[in-house]
Amino acid sequence: MRHSTFFFLALIAAIVQAVPAADLTKPPAGTCTISAVAVDAPDVDTDGSGCRAGTVGVAFSSDNSLMTILFDDFKAAIGPNAGSTKKRAFCRVNVTMASPGWAFDVSSVDFRGYVRIAQGVDASIVSRWKWIDSKGQDMKGKGNINKKLAGPFEDDFLLHKDGELSDNEASVCSKASARFQLSISASLSASGSSLSGLVQGDAANAQFGEVLNLGWKKC
Ligand SMILES: *[C@@H]1O[C@H](CO)[C@@H](O)[C@H](O)[C@H]1NC(C)=O
């Protein structure tokens, strides 16, 4: 009797193990969609090169752990070779998305691009994000990442920022149907008019890229 009870329990344990556990930490593949990416016209910042509609791509990774935002035409330049590129660039993107039953907060951010600045030139790169409710009001929980570089500097750069989770579970769930807004800006300043500086997409694919690592909550 005792022996068969043991056998029965062992059998149950084997069955439980054989059923793959549902991933309770992220929405299943295919659940999250992006329906609109609205980019402010360049003149939102009169001194900025900005970005134009169609130059910004936003996507969830197939396992929904990441949101990637790629800027095709984002750059700032200063100095004799700057041409028509302005010393300040600003791009703001509103993302309308759906993730039925789930909401996310941003847990960490990776940001990459390329900077080439002479001695005497400073570069400042800032990205901010927030959520906007259906009435157009800012919601709780926003984040930012920023970097200041002093020339001489010439390299691809990668910025990483951790620990952006800013909210308790209830307020994360209130973001389930909110719009997500993200902006980036790059500014250059030089101590002399002959000094050059450039901020643009990285060498590998000429895109300015930002990857948001998402912390999901089931709502
Ligand atoms: C983005 O959202 C803000 C805040 O709701 C709004 O003022 C702005 O016009 C929006 N931009 C675009 C291009 O839709």
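In short, a report on the structure. Everything quoted here is computed from the prediction, not taken from an experiment. (Residues numbered from 1 in each chain as written. Predicted model: local features only at pLDDT ≥ 70, side-chain atom pairs only at ≥ 80, totals over all residues.)

1. Let's talk about the sheet that holds strand 8 (residues 143–150)
Thought 1: If you trace the 5 strands from one edge of the open sheet to the other, you get 1-5-10-7-8, paired in antiparallel fashion. Lying at the two open borders of the sheet, with one neighbouring strand each, are strand 1 (33–39) and strand 8. The mean inter-strand angle of the sheet, taken between neighbouring strand axes irrespective of direction, is 15°.
Thought 2: Taken together, the 12 bridges between strand 7 (residues 121–132) and strand 10 (residues 179–190) define a ladder with antiparallel strand orientation. Residue R128 lies in a different strand from strand 10, and its bridge partner there is S183. (Pairing = 2+ DSSP bridges. Helix = DSSP H or I, 4+ residues; strand = E, 2+ residues; numbered from the N terminus. Axes fitted to C-alpha atoms, helices over the stretch in contact; angles between N-to-C directions.)

2. Some words on the site of the ligand
Thought 1: With respect to spatial proximity, the complete set of residues near the ligand consists of A38, V39, D40, N94, I132, G136 and Q181.
Thought 2: Here the shell around the ligand is built from residues that sort into 3 nonpolar, 3 polar and 1 charged. (Near = placed C-beta within 6 Å. Nonpolar A, V, L, I, M, F, W, Y, C, P; charged D, E, K, R; others polar.)

3. Topic: the pairing of strand 5 (residues 88–98)
Thought 1: In this structure, strand 1 lies alongside strand 5, joined through 6 bridges in antiparallel fashion. Within strand 5, the position partnered with V37 by the bridge is V95.
Thought 2: Alignment of strand 5 against strand 10, held across 8 bridges, turns out to be antiparallel. By the bridge assignment for strand 10, A89 is matched with A186.

4. A look at the pairing of strand 2 (residues 56–60)
Thought 1: Here strand 2 shows a clear split, with V56, V58 and F60 buried on one side and none of G57 and A59 buried on the other.
Thought 2: Hairpin remark: strand 2 followed by strand 3 (residues 66–71), antiparallel, with 5 residues in the connecting loop; positive phi at N64, about 65°. (Buried ≥ 20, exposed ≤ 12 C-beta atoms within 10 Å, placed from the backbone.)

Note that every value here comes from positions in space, so none of it alone points to a role or purpose.
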